[in-house]
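An overview of the molecular structure
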Amino acid sequence: MEFDSQEMRSVAAIGQPKRSDLVAEEIKRLITAKNLLPGDRLPRESELQSLFAVSKSTMREALKALEVQGLIKISTGPGGGGMVVEVPLDRTFQLMQNYLFFKEVRIEDIYQVRKLLEPELIASAVPHLTEAHFAALEHNIQCCDPMAEHVEDPLAQRQEEISFHDILAAACPNSFLRFSCEMINQMIRQLTVFDNEMPPQEQEKFGVSNTQFHKQILQAARNRDVERVRTLMSDHMHDCMRSVTRMHGKLKGRLILDSEMSRRTVARKARRVGRKKAES
């Protein structure tokens, strides 16, 4: 089959990046070259236009693309403009889940990775845990204890138990290991569903086991016993997998909407405020 010159030009154009995308890449290089950190402001829009010799519409499209990626935040008004921000975990989780939407990922696959990473994460975190971390871990255990009074939503307790692992992750000095475990925690918290017909006793049994492991892990961490916490966490992960399997847990593969991310952010802030009030 032969193409005429017009068709050849059309084929050649396919896959060519838009001008705004090229500008967005140059702004990334600018951020790197100037070593801009979260909170630092970009040059004014007019200055960027002049620097890259592009129109206002092209520049705004480039800035918007970077905002969607979570790299900058754009504000309007006299003192507005672009400001560098740290990419939120929620945004990264959304992009990852959109990617996995078309993949076959089972809850067993998640726990296979989790069983490998969590023991190493806590082993590296133990020397860096502070009294504030210990207090937060203790508070989480108390909130998630299924034997506590006024337990209204056992499933919500099981989801909040993931925060125990988030607290440990926050103390991990290996940023990539921390990120990997936080992403797994998000997947388990947001995407795991259980059989609706599962008896409440099974939820309670799962919670009791988690509470026991968390108490032992906390005590070993206070003792700075690295090998003990590594062993306990490995046993804990195996036990979790057995419980999730027994309760017919599975991942619900679906696209994450921006509106859902907003609700999660509000809910997370509310939980943080509640925990601070409880600790004060």
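One structure accompanies this document, and this report is about it. (Residues numbered from 1 in each chain as written. Predicted model: local features only at pLDDT ≥ 70, side-chain atom pairs only at ≥ 80, totals over all residues. Heavy atoms only, no water.)

**Observations regarding the pattern of salt bridges**
Selection rule: In what follows, salt bridge is the name for a side-chain nitrogen of Lys or Arg lying within 4 Å of a carboxyl oxygen of Asp or Glu. Runs of H or I in DSSP of at least four residues are treated as helices and runs of E of at least two as strands, each being numbered from the N terminus. Three labels apply to residues, based on accessible area from a 1.4 Å probe with only protein chains included: buried if under 20% of the type maximum, exposed if over 50%, partly exposed otherwise in between.
Tallying each qualifying case throughout the model produces 13 salt bridges. Two residues, Arg29 and Glu26, come together in a salt bridge whose shortest N-O distance is 2.7 Å. With Arg29 and Glu26 both in helix H2 (residues 19–33), this residue pair falls three residues apart, about one helical turn. Notably, a salt bridge pairs Lys64 with Glu67, separated by 3.2 Å at the nearest N-O pair. Here Lys64 and its partner Glu67 are both found in helix H4 (residues 56–69), three residues apart, which amounts to about one turn of the helix. The class for Lys64 is partly exposed, based on a relative accessible area of 47%. Each of Glu120, Glu227 and Arg230 takes part in a single network of salt bridges with overlapping partners.

**Observations regarding H4**
The following threshold applies: Expected span of a helix: the number of residues minus one, times 1.5 Å. Here, the arc refers to the directions that run from the helix axis to the C-beta atoms.
In this model H4 runs 20 Å from its N-terminal to its C-terminal C-alpha over 14 residues, within 8% of the 20 Å that 1.5 Å per residue would give. When H4 is considered as a whole, its buried residues turn out to be Thr58, Met59, Ala62, Leu63 and Leu66. End-on view of H4: buried residues confined to an arc of 130 degrees, all on one side of the axis. Backbone geometry just after H4 places Gly70 at a positive phi near 90 degrees.

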